[in-house]
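What follows is the residue order along each chain.
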Amino acid sequence: MRFFHFYTPEQVPSSGIPECAVAIDVLRATTTIATALAAGAEAVQVFAHLQQLQEASQNWPASQRLLAGERGGKAVAGFDLGNSPLDYTPDRVRDKRIFLSTTNGTRSLQRLEGIPVVITAALVNLGAVVDFLRRGSFAEVWLVGSGWEGAFSLEDTACAGAILHRLGCSLNQLGNDETLAALALYQTWQDDLLGLLRRSSHGQRLLGLGPENDQDLAYCADLDRLSVVPRQVQPGVL
Ligand code: 3SL
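So, here is what we can say about the structure in this document. Only a predicted model underlies this, so the values are computations on that prediction, with no experimental measurement involved. (Residues numbered from 1 in each chain as written. Predicted model: local features only at pLDDT ≥ 70, side-chain atom pairs only at ≥ 80, totals over all residues. Heavy atoms only, no water.)

Not every one of the 14 residues close to the ligand is listed here, only the nearest: R28, N83, T102, N104 and G105. Within the backbone of L27, an N or O atom sits 3.3 Å from an oxygen atom of the ligand. Here an oxygen atom of the ligand and a backbone polar atom of R28 are 2.8 Å apart. Here the ligand has 290 Å² of accessible area as a free molecule, and 100% of this is covered by the chains. Among the residues making up the shell around the ligand, the classes are represented as four nonpolar, seven polar and three charged. (Near = heavy atom within 4 Å. Polar contact = N/O pair within 3.5 Å; in protein donor to acceptor, adjacent residues only side chain to side chain. Areas by Shrake-Rupley, 256 points an atom, 1.4 Å probe, with all protein chains shown as cover. Nonpolar A, V, L, I, M, F, W, Y, C, P; charged D, E, K, R; others polar.)

Further remarks concern the packing of helix α9 (residues 201-209) against helix α10 (residues 213-220). Axis separation between α9 and α10 bottoms out at 8 Å; the angle between their running directions is 145 degrees. The residues of α10 that touch α9, namely those facing G203, L206, L207 and L209, are N213, D214 and L217. Among the residues forming the contact of α9 with α10, the class breakdown is four nonpolar, two polar and one charged. (Axes fitted to C-alpha atoms, helices over the stretch in contact; angles between N-to-C directions. Helix = DSSP H or I, 4+ residues; strand = E, 2+ residues; numbered from the N terminus. Contact = heavy atoms within 4.5 Å.)

Using the criterion set out here, one finds seven salt bridges in the structure. For R28, the salt bridge identified is with D216, shortest N-O distance 2.9 Å. Taken together, the residues R28 in the loop between β2 (20-24) and α1 (29-38) and D216 in helix α10 connect sequence positions 188 residues apart. Since its relative accessible area comes to 5%, R28 is described here as buried. (Salt bridge = Lys/Arg side-chain N within 4 Å of Asp/Glu carboxyl O. Buried < 20%, exposed > 50% of the residue type's maximum accessible area, 1.4 Å probe, protein only.)

Below, the structure written as structure tokens:
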């Protein structure tokens with residue numbers, strides 16, 4: 001297996017697509033998606049735009065859907081849920097389809113449509129993702145960070161590095177400079193992932209919105225808490 005890491009969806013090449021891509025948005029979309037599915041949601045359907053989300057959700061029975069959205073780190077007014085994984089409890093989401101739009105994470109998933117196998121990774125489901133990749137033994141895998149509005153984000157690259165570290169990748173499996181950088185970043189911070197999330201610019205943004213968001217950071221840093229591997233089963237549906 002050979003790995004390429006892209007810091008943001010914008011860096012993802014439009015040709016030479018691999019067999020498998022992994023979308024990463026540790027803070028917080030892919031943590032939330034894993035949490036929702038582990039809590040029994042029927043599926044999570046992602047949208048880049050709120051209007052598309054509202055239109056598509058109308059085709060789903062009202063009693064079986066939840067609208068979930070985040071912009072600028074805050075919940076979208078009038079929606080049932082924001083993007084805090086702590087809100088996705090079994091009593092709220094079991095058997096429901098979650099229609100989700102976030103600033104960056106859902107955009108990143110849309111960028112990967114057309115790749116045969118698309119899964120999502122976060123620190124909370126790291127081990128499950130690593131097992132999935134090991135079993136799949138794909139020739140080439142892209143690890144795609146979500147970043148923030150086109151810019152690098154520390155936590156997504158650290159998660160990419162954690163995947164490479166756990167897989168025990170050798171240098172010849174690291175296909176671009178970004179994979180080496182990701183591995184080095186993870187190895188530097190592996191004993192203090194919560195510290196990394198708190199220092200990251202998006203961690204700072206979330207803490208600036210309210211100190212209670214530190215609970216979200218602690219949850220998002222909690223390695224291997226979940227055993228679910230969210231996998232795209234139709235375009236935009238996990
Ligand atoms: O950008 C995103 O997709 C979100 O995950 C951002 S937030 O953590 O919900 O603010």
